[in-house]
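# What the coordinates show
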Amino acid sequence: MEKYQAGKQNQRICLLLAVLAMFLIVVSLLLSSFQIAVYGDPKYRFYEKEYVKYEVTEALDMKLSDVMAVTEYMMDYLIGRKEELSIETDVDGKRQDFFNEQDRLHMADVKGLFLGGLKLRTMLLLGAALLIGILAALKARLWEILPKAYIIAIAFFAAALVFLGIVVSIDFTRCFRIFHEIFFTNDLWMFDESTDYMIRMLPEGFFADMVVRIVSVFVAGLVLLGGVIGLAWFFYRKKQYKIYDKHTACKKNMI
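Okay, so let's go over this structure.

Rules of the game
Residues numbered from 1 in each chain as written. Predicted model: local features only at pLDDT ≥ 70, side-chain atom pairs only at ≥ 80, totals over all residues. Heavy atoms only, no water. Helix = DSSP H or I, 4+ residues; strand = E, 2+ residues; numbered from the N terminus. Expected span 1.5 Å × (residues − 1). Polar contact = N/O pair within 3.5 Å; in protein donor to acceptor, adjacent residues only side chain to side chain. Patch = residues over 30% accessible without salt bridge, like charges linked within 9 Å, V, L, I, M, F, W, Y side chains within 5 Å. Areas by Shrake-Rupley, 256 points an atom, 1.4 Å probe, with all protein chains shown as cover. Salt bridge = Lys/Arg side-chain N within 4 Å of Asp/Glu carboxyl O. Buried < 20%, exposed > 50% of the residue type's maximum accessible area, 1.4 Å probe, protein only.

We now examine helix α7 (residues 172-183). Taking 1.5 Å per residue as the helical rise, α7 with its twelve residues ought to reach 16 Å, and the 17 Å between its terminal C-alpha atoms agrees with that figure. Sitting at the amino-terminal end of α7 is Asp171, which places a side-chain oxygen 3.4 Å from the backbone nitrogen of Thr173.

Below you can see the structure in the form of C-alpha cells.
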C-alpha cells in the first residue's frame, strides 16, 4: 500500500514538473513569435503593406522607399545592429533627422525590452531542458507524460488567448495604453502627431495588425509543436505495442 501511494506521489510530482517544463516552452514560443512576426521577413513586406494601407507616405510627405529605409534602420537598431537611432531623410518637405530626442529615448526602452525578452527566452528554454532532465533522472515515461503536460499547458494559454482576444476586440486603444503603462516606467510613449514623425509612420492600426500577426505565428507554432509531440507519442506507443506483442509471443511459445 505504501509503495502504491509513493508511486502515485511520484507520478504527481513528475506531472507537475512536466507541466512546468511545457509552460516554459510555450512562453518561449510566444517570445519567439514576437521575433518571427517582427523580423521574419528581411524585406519587411508586411510593413510596406501596412504603410500603404494606412497612407503613411501621405501623412509624412515621404516616398515609400524612404519610409522603408527608415524602417530598416530602426529595426536594425532594435535588434542591436545599430548603436544610435538617427537617420537623415526627406520628410515633411525637408531634409532632416527622422527621429527626435523623445523617439530615441522611448526606442531605447523598447530595445531593452525586446532584447531582454530574447534573453528571457533562452533562460526559459534552459529551465525547461533542466526540468526534462530531472524527469529523465526520475525515470519518468517522458513520451507518456509530456503530451499530457502539453495539453494542460495549452488549455491554460487557450483560455488566456480567448480572454485577451475578447478584451482587445472590445477596446484595443485601452489595452494598448495599459500595455505601455505596465512595461514602461515613463510617458515617453505618448507621442504628438504634429511633432513626432514616428507615430505617423506607426499608427495604432499598425500595432493592432501586428498583434494579429503575432498571435497567428504563435498559434501556428503551438500546432507545429503539438504535432511533433503527438508524432513522438505515436511512435513511442507503436514501439511499446511491438515490445508487448513480442513478449506475448514468447510466452505462448514457452507454453
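As a further point, take a nonpolar patch on the surface. A cluster of nonpolar side chains, Leu113, Ile178, Phe179, Ile182 and Phe183, forms an exposed patch at the surface whose accessible area comes to about 440 Å². Tallying contributions element by element places α7 first for the nonpolar patch, with four residues. Residue position: Ile182 is located in helix α7. Judged by relative accessible area, Ile182 falls into the exposed class, the value being 60%.

This part takes up the pattern of salt bridges. One pass over the structure, following the stated rule, counts eight salt bridges. Between Glu101 and Arg104 there is a salt bridge, and its shortest N-O distance comes to 3.6 Å. Taken together, the residues Glu101 and Arg104, both in helix α5 (residues 101-137) and three residues apart, mark about one turn of the helix. We classify Glu101 as partly exposed; its relative accessible area is 48%. Of the residues examined, Arg104 reaches a relative accessible area of 22% and is grouped as partly exposed.

From the geometry alone we can't say anything about function, so treat these as descriptive.
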